[in-house]
Amino acid sequence: MSKRQILNKKNLGIKDGLPLQASAGGIEELRRDIQRLMDMEAIRQLKYAYFRCVDTANLEELATLFHDDVTVHFVGGSYEWNVQGKADYVSNIGKSFSTEAVGQHNAHHPEIQMLSDSEATALWYLADNMWILNHNVKTHGTAIYRDRYLKVNGKWLIKDTSYERLYEINDVLTERPK
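Residues numbered from 1 in each chain as written. Predicted model: local features only at pLDDT ≥ 70, side-chain atom pairs only at ≥ 80, totals over all residues. Heavy atoms only, no water.

(A) Region of the structure containing the overall build of the chain. Counting secondary structure elements, the chain contains four helices and six strands. Put simply, the chain runs from its N terminus to its C terminus through helices and strands in the order α-α-α-β-β-α-β-β-β-β. Dimensions of the chain along its principal axes, counting C-alpha atoms only, are 65 × 35 × 30 Å. In the chain, which comprises 178 residues, the share counted as buried stands at 38%. Contacts spanning at least 24 positions in sequence make up 59% of the contacts within the chain whose residues lie at least 6 apart. Of the accessible surface of the chain, which amounts to about 10,200 Å², a share of 53% is contributed by carbon and sulfur atoms. The centroid of the 22 positive side-chain charges in the chain is displaced by 2 Å from the centroid of its 24 negative side-chain charges. (Helix = DSSP H or I, 4+ residues; strand = E, 2+ residues; numbered from the N terminus. Buried < 20%, exposed > 50% of the residue type's maximum accessible area, 1.4 Å probe, protein only. Contact = heavy atoms within 4.5 Å. Areas by Shrake-Rupley, 256 points an atom, 1.4 Å probe, with all protein chains shown as cover. Lys, Arg positive; Asp, Glu negative; His and termini not counted. Charge placed at Lys NZ, Arg CZ, Asp CG, Glu CD.)

What follows is the structure, encoded as C-alpha coordinates:
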(Lines give C-alpha, C1' and ligand atoms only; values in the text may rest on other atoms or scores of the structure.)
Protein backbone atom coordinates (compact mmCIF):
# COMPACT_ATOMS: atom_id res chain seq x y z
CA MET A 1 0.00 0.00 0.00
CA SER A 2 1.23 3.48 -0.80
CA LYS A 3 2.35 5.92 1.90
CA ARG A 4 -0.24 8.41 3.10
CA GLN A 5 0.07 11.82 1.45
CA ILE A 6 -1.34 15.17 2.52
CA LEU A 7 -4.73 15.35 0.80
CA ASN A 8 -4.62 18.89 -0.53
CA LYS A 9 -5.48 20.10 -4.03
CA LYS A 10 -1.83 20.24 -5.09
CA ASN A 11 -1.09 16.65 -4.08
CA LEU A 12 -4.40 15.47 -5.52
CA GLY A 13 -3.58 17.05 -8.89
CA ILE A 14 -6.52 19.46 -8.84
CA LYS A 15 -5.87 22.55 -10.92
CA ASP A 16 -7.85 25.74 -10.89
CA GLY A 17 -10.64 25.66 -13.41
CA LEU A 18 -12.33 28.35 -15.41
CA PRO A 19 -13.30 31.37 -13.29
CA LEU A 20 -16.68 31.28 -11.57
CA GLN A 21 -17.74 34.76 -12.52
CA ALA A 22 -20.18 36.18 -15.03
CA SER A 23 -18.66 37.36 -18.28
CA ALA A 24 -18.62 41.05 -19.00
CA GLY A 25 -19.62 40.46 -22.62
CA GLY A 26 -22.88 39.98 -24.44
CA ILE A 27 -25.58 37.35 -24.65
CA GLU A 28 -23.37 34.60 -26.15
CA GLU A 29 -20.89 34.85 -23.30
CA LEU A 30 -23.80 34.76 -20.84
CA ARG A 31 -25.06 31.59 -22.56
CA ARG A 32 -21.61 30.00 -22.10
CA ASP A 33 -21.65 30.99 -18.42
CA ILE A 34 -25.07 29.38 -17.96
CA GLN A 35 -23.93 26.27 -19.85
CA ARG A 36 -20.95 25.97 -17.51
CA LEU A 37 -23.29 26.06 -14.50
CA MET A 38 -25.54 23.47 -16.16
CA ASP A 39 -22.51 21.28 -16.80
CA MET A 40 -21.55 21.51 -13.13
CA GLU A 41 -25.07 20.41 -12.18
CA ALA A 42 -24.88 17.53 -14.68
CA ILE A 43 -21.62 16.40 -13.02
CA ARG A 44 -23.27 16.52 -9.57
CA GLN A 45 -26.18 14.43 -10.85
CA LEU A 46 -23.74 11.99 -12.49
CA LYS A 47 -21.91 11.38 -9.20
CA TYR A 48 -25.16 11.04 -7.25
CA ALA A 49 -26.39 8.49 -9.81
CA TYR A 50 -23.08 6.63 -9.44
CA PHE A 51 -23.61 6.09 -5.71
CA ARG A 52 -27.28 5.19 -6.16
CA CYS A 53 -26.37 2.60 -8.79
CA VAL A 54 -23.54 1.15 -6.68
CA ASP A 55 -25.73 0.86 -3.57
CA THR A 56 -28.62 -0.73 -5.48
CA ALA A 57 -26.33 -2.92 -7.67
CA ASN A 58 -27.94 -1.37 -10.75
CA LEU A 59 -25.13 -2.46 -13.05
CA GLU A 60 -26.93 -1.68 -16.30
CA GLU A 61 -27.35 2.01 -15.46
CA LEU A 62 -23.96 2.13 -13.71
CA ALA A 63 -22.24 1.16 -16.96
CA THR A 64 -23.75 4.20 -18.72
CA LEU A 65 -21.95 6.56 -16.33
CA PHE A 66 -18.36 5.65 -17.29
CA HIS A 67 -16.02 6.32 -20.14
CA ASP A 68 -14.98 3.04 -21.81
CA ASP A 69 -11.38 3.62 -20.65
CA VAL A 70 -12.16 4.55 -17.04
CA THR A 71 -9.35 4.13 -14.54
CA VAL A 72 -10.15 3.31 -10.92
CA HIS A 73 -7.82 3.49 -7.91
CA PHE A 74 -9.21 3.12 -4.40
CA VAL A 75 -7.09 3.10 -1.24
CA GLY A 76 -8.84 1.90 1.90
CA GLY A 77 -7.72 1.13 5.40
CA SER A 78 -6.67 -2.41 4.50
CA TYR A 79 -6.83 -2.54 0.70
CA GLU A 80 -5.74 -0.93 -2.54
CA TRP A 81 -7.82 -1.56 -5.65
CA ASN A 82 -6.82 -0.76 -9.25
CA VAL A 83 -9.10 -1.44 -12.21
CA GLN A 84 -8.82 -0.38 -15.85
CA GLY A 85 -11.83 -0.21 -18.17
CA LYS A 86 -15.58 0.08 -17.76
CA ALA A 87 -16.37 -3.63 -18.25
CA ASP A 88 -13.92 -4.76 -15.55
CA TYR A 89 -15.05 -2.11 -13.09
CA VAL A 90 -18.77 -2.81 -13.49
CA SER A 91 -18.10 -6.55 -13.22
CA ASN A 92 -16.15 -6.02 -9.98
CA ILE A 93 -18.93 -3.89 -8.52
CA GLY A 94 -21.40 -6.66 -9.40
CA LYS A 95 -19.31 -9.11 -7.39
CA SER A 96 -18.94 -6.70 -4.46
CA PHE A 97 -22.57 -5.60 -3.97
CA SER A 98 -25.34 -8.15 -3.52
CA THR A 99 -28.01 -9.20 -1.05
CA GLU A 100 -25.11 -10.24 1.24
CA ALA A 101 -23.08 -7.04 0.78
CA VAL A 102 -25.09 -3.86 1.10
CA GLY A 103 -23.73 -0.33 0.93
CA GLN A 104 -24.91 3.17 1.76
CA HIS A 105 -22.75 5.94 0.28
CA ASN A 106 -23.23 9.69 0.65
CA ALA A 107 -21.12 12.09 -1.37
CA HIS A 108 -21.26 15.76 -0.61
CA HIS A 109 -19.35 19.04 -0.67
CA PRO A 110 -18.24 18.78 -4.32
CA GLU A 111 -15.39 21.01 -5.43
CA ILE A 112 -15.92 21.01 -9.20
CA GLN A 113 -13.35 22.62 -11.48
CA MET A 114 -14.41 23.18 -15.09
CA LEU A 115 -11.21 22.89 -17.12
CA SER A 116 -12.88 23.38 -20.50
CA ASP A 117 -16.23 22.84 -22.21
CA SER A 118 -15.54 19.09 -22.21
CA GLU A 119 -13.31 18.34 -19.21
CA ALA A 120 -13.71 18.81 -15.46
CA THR A 121 -12.32 17.53 -12.19
CA ALA A 122 -13.90 17.29 -8.76
CA LEU A 123 -13.18 16.41 -5.17
CA TRP A 124 -16.02 14.81 -3.20
CA TYR A 125 -16.30 14.01 0.49
CA LEU A 126 -17.66 10.50 1.09
CA ALA A 127 -19.29 9.07 4.20
CA ASP A 128 -20.25 5.43 3.86
CA ASN A 129 -21.44 2.27 5.55
CA MET A 130 -20.98 -1.23 4.18
CA TRP A 131 -22.54 -4.35 5.63
CA ILE A 132 -20.95 -7.63 4.56
CA LEU A 133 -23.60 -9.88 6.00
CA ASN A 134 -22.14 -13.27 5.11
CA HIS A 135 -18.99 -12.29 7.09
CA ASN A 136 -20.85 -10.46 9.92
CA VAL A 137 -18.89 -7.25 9.36
CA LYS A 138 -19.86 -3.60 9.09
CA THR A 139 -17.40 -1.07 7.71
CA HIS A 140 -17.91 2.66 8.00
CA GLY A 141 -15.71 5.61 7.31
CA THR A 142 -14.94 8.57 5.13
CA ALA A 143 -12.85 9.21 2.05
CA ILE A 144 -11.95 11.92 -0.40
CA TYR A 145 -12.91 11.05 -3.97
CA ARG A 146 -10.98 12.59 -6.85
CA ASP A 147 -12.63 12.36 -10.27
CA ARG A 148 -12.00 13.48 -13.82
CA TYR A 149 -14.90 13.86 -16.21
CA LEU A 150 -15.12 14.10 -19.99
CA LYS A 151 -18.09 15.32 -21.98
CA VAL A 152 -18.58 12.91 -24.89
CA ASN A 153 -21.35 13.47 -27.44
CA GLY A 154 -23.04 15.94 -25.08
CA LYS A 155 -22.95 13.63 -22.03
CA TRP A 156 -20.65 13.84 -19.01
CA LEU A 157 -18.87 10.57 -18.15
CA ILE A 158 -16.52 9.53 -15.36
CA LYS A 159 -13.08 9.06 -16.94
CA ASP A 160 -10.95 8.59 -13.81
CA THR A 161 -12.06 7.97 -10.24
CA SER A 162 -10.03 7.41 -7.11
CA TYR A 163 -10.35 7.77 -3.40
CA GLU A 164 -8.23 7.60 -0.31
CA ARG A 165 -9.78 6.79 3.03
CA LEU A 166 -9.51 9.32 5.83
CA TYR A 167 -10.62 6.66 8.28
CA GLU A 168 -12.14 3.20 8.17
CA ILE A 169 -13.64 1.30 11.08
CA ASN A 170 -14.53 -2.37 10.79
CA ASP A 171 -16.95 -3.78 13.36
CA VAL A 172 -17.98 -7.38 13.91
CA LEU A 173 -21.75 -7.72 13.92
CA THR A 174 -23.12 -9.65 16.89
CA GLU A 175 -26.28 -10.43 14.99
CA ARG A 176 -27.52 -10.11 11.43
CA PRO A 177 -29.46 -6.87 10.77
CA LYS A 178 -33.12 -7.30 9.90
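(B) Expanded view of the pattern of salt bridges. Under the defined criterion, the tally for this structure stands at twelve salt bridges. Across the pair Glu168 and Arg165 runs a salt bridge, and its minimum N-O distance is 3.3 Å. Neither Glu168 nor Arg165 differs from the other in exposure class; each is buried. When salt bridges that share partners are traced, they join Glu119, Arg148, Lys159 and Asp160 into one network. (Salt bridge = Lys/Arg side-chain N within 4 Å of Asp/Glu carboxyl O.)

(C) Inspection of the sheet that holds strand S6 (residues 155-172) at higher detail. The strand order across the open sheet formed by six strands is S2-S1-S6-S5-S4-S3, and the pairing between neighbours is mixed. Either end of the sheet is taken by a strand with one partner, and the two such strands are strand S2 (80-84) and strand S3 (101-114). Strand-to-strand twist across the sheet, computed as the mean angle between neighbouring axes with direction ignored, equals 20°. Strand direction decides the pairing type here: S3 and strand S4 (residues 119-132), joined by twelve bridges, are antiparallel. (Pairing = 2+ DSSP bridges. Axes fitted to C-alpha atoms, helices over the stretch in contact; angles between N-to-C directions.)

(D) Broad picture of a nonpolar patch on the surface. A contiguous nonpolar patch, built from Ile27, Leu30, Ile34 and Met38 and spanning about 380 Å² of accessible area, is present on the exposed surface. Of note, Met38 is situated in helix H2 (residues 27-55). (Patch = residues over 30% accessible without salt bridge, like charges linked within 9 Å, V, L, I, M, F, W, Y side chains within 5 Å.)

(E) Main features of the environment of Asn136. Checked against the element boundaries, Asn136 lands in the loop between S4 and strand S5 (137-152). Discounting residues that sit within four places of it in the chain, Asn136 has contacts with Asp171, Val172 and Leu173.

(F) Molecular detail of helix H4 (residues 86-96). The complete set of buried residues in H4 reads Tyr89, Val90 and Ile93. Projected down its long axis, H4 carries its buried residues within an arc of 95°, all on one side. Facing away from the buried side of H4 by more than 90 degrees, the exposed set consists of Ala87 and Lys95. The secondary structure elements touched by the buried residues of H4 are H2, helix H3 (59-63), strand S1 (66-75) and S2. (Arc of directions from axis to C-beta.)

(G) Quick peek at the layout of surface pockets. A volume near 510 Å³ is recorded for the largest pocket. Along the walls of the largest pocket sit 22 residues, with Tyr79, Phe97, Met130, Tyr163 and Arg165 positioned nearest its centre. Looking at the lining of the largest pocket, the elements with two or more residues in it are H2, H4, S4, S5 and S6. Broken down by class, the residue content of the lining of the largest pocket amounts to 14 nonpolar, five polar and three charged. (1 Å grid on protein atoms, 1.4 Å probe; cavity = no way out; pocket = protein on both sides within 12 Å on 5 of 7 lines; lining within 4 Å. Points joined across faces, edges and corners; volume = space filled by probe spheres on them. Nonpolar A, V, L, I, M, F, W, Y, C, P; charged D, E, K, R; others polar.)

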